[in-house]
Structures are given as structure tokens and as C-alpha cells.
Amino acid sequence: MFAILKKELWSYFGNWSAWIIIAAFSLITTLFLFFFENDSNIFDIGMASLQSYFVLVPWLLMFIIPALSMKTFAEEQQTGTLNWLFSQPLKVSDLVAGKFLSVWVVGILCLIPSVIYFYTVYVLGVPEGNIDMGMTFGSYFGLIILIAAFSGVGILASSLSQNQIMAYLLGVFMCFIMYFGIEQLASYKLLGGADFILQNIGFYQHFLGFTRGLIDFKDVAYFVFIIGLTLTLSNHFINKKK
């Protein structure tokens, strides 16, 4: 698993793709938070809070994580190297776990530049340091586990696809449905009491608790279940390709 992790990380950073994605992610968030006139602009909001950052980032991750994960299995199958991997002395579960961890690590690294935003808001607060630490750190924890869930979905999409374009489109679609689509469907209240159950199937309600500074065991368990489910399904579909 660690050999696969090292190989994948080298492929991301060796050809500059990870650096470009991290730079693009940081540039977009900076523009929205400090320059563009929109509801996420910290200066327009006038509050010492990173709440707008934590609202914006999941939408960017819907496109970035599938871009990272689309090559994990779809590219291997497209180039014919998947059969070579099958011939090596490693388990399919280790192969899936190694590729999942590589996507998760690069996704987490996208958050590192936001330390500058935190410092900026911390200094600009009146008085200095007037920022809700519990909400901030809870939201960061929520983003880290949300990235893991998106990574699992992206890996599953790649394991189902024959090429990278299909893997990317399917990954974006599945991430969108799980984060926003199910939440919107439940908001129409078409199913009566079942709308609450439907709402809790999606990512949004569980991530929302973290943005309030609440690290609930039920929310953590939900994301762990989703990650385990997507990796188990990926393992199943890759085994079928042997």
C-alpha cells in the first residue's frame, strides 16, 4: 500500500499536476474571499470569520478531487498497466487504499495555504484574535473528512470508468449529488417524514455540524461509513476486471 502511495504521490508532484491544482485552488479562493464582490468576500461581510471559506471550498472540491482521482484506475486501464499491477505481489485492497490515500493527501495539501487567510482574519479582528476558534478548527476537521469522502467517491467513479474523461464527469456528478443534490431534493418535502432520512443520506447536513464547531460522533461515523463503502465497492469492481 505504501509503495502504491509513494508511486501515486510522485506521479502527482513529479509532473507538476498537484502543484498546479493547489495553486489554482489557492488563487480561486483568494479571489473570492478578498477581491471579487460576492457573498463570500470577507471585507464585504465585515466579520472576523472564515465561514465563507468553509462554504466555498466544498464546491471547489467537487471539481478538484475528481480531477485528482480520475487517473487512479481509469488511466491504468486505458494504458494497459492495470493488468501489470494485477501481476504484482499486492492485494487489490492495498492498491485501492494506496490510491485513495494519495488523492486524500493532495486534497488536504490544498488547504495548507488557507493558514494565511486564518492569520489575516486573526490580525484584522477587533480586538485582534477575535475569531471563533472552535468553529474554525471544527470546520477544518470537517473539510479533511469531507475530502476523504469525495476521494472515496472519485476512486469509485474511476474504478467504474473506461477512460479519464468519463471518470471525471462521473466523479463530479456523484460528488454533486451526494453533497448538494440530495439536500435539495429533501428541501422540496415531497416525501413527508421521510425527507429527514433522505436529508441525512447526503454529505451536506453532516458537514454542516462541523462548520458550527460541533464534532459529533454520528457525523464522523457517517463519513467513515461512506469512505468504507466506496472503497469496498471500488475493490469489488477492480477485482471484476482481473
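The structure displayed is predicted, hence computed values, not measured ones.

Cut-offs used in this document
- Residues numbered from 1 in each chain as written.
- Predicted model: local features only at pLDDT ≥ 70, side-chain atom pairs only at ≥ 80, totals over all residues.
- Heavy atoms only, no water.
- Core = buried A, V, L, I, M, F, W, Y, C linked by side-chain atoms within 4.5 Å.
- Buried < 20%, exposed > 50% of the residue type's maximum accessible area, 1.4 Å probe, protein only.
- Helix = DSSP H or I, 4+ residues; strand = E, 2+ residues; numbered from the N terminus.
- Contact = heavy atoms within 4.5 Å.
- UniProt positions renumbered as here; feature names shortened; annotations may be inferred.
- Salt bridge = Lys/Arg side-chain N within 4 Å of Asp/Glu carboxyl O.
- Axes fitted to C-alpha atoms, helices over the stretch in contact; angles between N-to-C directions.
- Parallel < 35°, antiparallel > 145°, perpendicular 65-115°, else oblique.
- Left-handed = near helix turned anticlockwise from the far one by under 90°.

Participant: If you had to explain the nonpolar core to someone new, which residues and values would you point to?
Facilitator: Generally speaking, a soluble globular protein has its nonpolar side chains buried in company with each other. If you look at the biggest cluster of nonpolar residues, it comprises 65 residues, and the most contacted ones within it are Phe25, Leu50, Tyr53, Leu143, Phe150, Phe203 and Phe223. By residue number, the principal contributor to this core is helix α9 (residues 133-160), which donates 13 residues. Once you skip the residues sitting within four places of it in the chain, Phe25 turns out to touch Tyr53, Val57, Leu60, Leu61, Ile64, Cys110 and Leu111.

Participant: I'd like a description of the UniProt feature "transmembrane region" (unreviewed entry) in the chain, backed by residues and values.
Facilitator: Here the UniProt-annotated "transmembrane region" (unreviewed entry) positions come out as residues 12-36, 56-74, 95-119, 139-158, 165-182 and 220-238. The span residues 56-74 is 79% helical and 0% strand by assignment, and the distance between its end C-alpha atoms comes to 29 Å. In the segment residues 220-238, helix accounts for 100% and strand for 0%; the C-alpha atoms at its two ends are 27 Å apart.

Participant: For the pattern of salt bridges, give the residues involved together with the corresponding values.
Facilitator: Close approach of charged atoms allows side chains with opposite charge to pair. Taken as a whole and judged by the stated rule, the model has six salt bridges. Glu76 serves as the salt-bridge partner of Lys7, at 3.4 Å between the closest nitrogen and oxygen. Here Lys7, found in helix α1 (residues 2-14), pairs with Glu76, found in helix α5 (residues 74-79); they are 69 residues apart in sequence, far enough to count as distant.

Participant: Could you give an account of the UniProt feature "domain: ABC-2 type transporter transmembrane" (unreviewed entry) in the chain, naming the residues involved and the relevant values?
Facilitator: The UniProt feature table records "domain: ABC-2 type transporter transmembrane" (unreviewed entry) at residues 48-180. Segment residues 48-180 splits into 79% helix and 0% strand. End C-alpha atoms: 27 Å apart.

Participant: Report on unusual backbone geometry, specifying residues and quantitative values.
Facilitator: Glycine aside, residues mostly have negative phi angles, and peptide bonds mostly take the trans form. Here Trp16, not a glycine, exhibits a phi torsion of approximately 75°, which is positive. Here Trp16 lies in the loop between α1 and α2 (17-35).

Participant: So, the packing of helix α4 (residues 51-69) against helix α7 (residues 92-109): which residues are in play, and what are the values?
Facilitator: Closest axis-to-axis distance for the α4/α7 pair is 10 Å, and the angle between their directions is 140°. With respect to α7, the element α4 is oriented oblique. Considering how the two elements wind past one another, α4 and α7 form a crossing that is right-handed. Packed against α4, whose contacting residues are Ile65, Leu68 and Ser69, the element α7 presents Val103, Val106 and Gly107 at the interface.

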